[in-house]
Amino acid sequence: MVKKTYRIADMHCSNCVMILEGIEDDLDGIKKIKASYHQQTLTVEFDETILSEQTLLDEIKKKRYTPEPIEA
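Residues numbered from 1 in each chain as written. Predicted model: local features only at pLDDT ≥ 70, side-chain atom pairs only at ≥ 80, totals over all residues. Heavy atoms only, no water.

Colleague: Where do I start with the pairing of strand β3 (residues 41–46) in this structure?
Modeller: In summary, the side chains of a regular strand alternate between the two faces of the sheet. Extensive coverage of β3 is indicated by the burial of 6 of its 6 residues. The side-chain alternation of β3 yields two buried faces, one formed by T41, T43 and E45 and the other by L42, V44 and F46. In this structure, strand β1 (residues 2–8) lies alongside β3, joined through 6 bridges in antiparallel fashion. Each residue of the ladder has a partner; that of V2, found in β3, is F46. Two strands pair when backbone bridges link them, and strand β2 (residues 30–36) and β3 are joined in this way by 6 bridges, in the antiparallel orientation. Opposite I33, over in β3, you have V44 as the bridge partner. Hairpin remark: β2 followed by β3, antiparallel, with 4 residues in the connecting loop; positive phi at Q40, about 55°. (Buried < 20%, exposed > 50% of the residue type's maximum accessible area, 1.4 Å probe, protein only. Helix = DSSP H or I, 4+ residues; strand = E, 2+ residues; numbered from the N terminus. Pairing = 2+ DSSP bridges.)

In structure tokens:
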């Protein structure tokens, strides 16, 4: 399992949270996903043997958000 956090500067409301957390339904391999529009972050725990980070990033972009990795 890998845990990644991204800054999503264009997330601004609870609807944005629902859209981003809904990615869990679209992609296999996500164990946990948590978005916060107050902090403008998205944290995703996923199985890298099932889901690549690039596929995850592409799905976030498809939802019209711009993910910027936050280094731990």
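Colleague: Any chance you could explain the pattern of salt bridges here in plain terms?
Modeller: Side chains that carry opposite charge are capable of pairing whenever their charged atoms lie near each other. One pass over the full model with this rule turns up 5 salt bridges. With a closest N to O distance of 3.8 Å, E45 and K31 form a salt bridge. Within this pair, whereas E45 is found in strand β3, its partner K31 is found in strand β2, the two being separated by 14 residues in sequence. With a relative accessible area of 53%, K31 lands in the exposed category. K62 is the salt-bridge partner of E59, the closest N and O atoms lying 3.3 Å from each other. You can see E59 and its partner K62 sitting in helix α3 (residues 53–62), 3 residues apart, about one turn around the helix. What emerges from the salt-bridge pattern is a single network uniting D26, E59, K62 and K63. (Salt bridge = Lys/Arg side-chain N within 4 Å of Asp/Glu carboxyl O.)

None of the figures reported here should be taken as evidence of function without further support.
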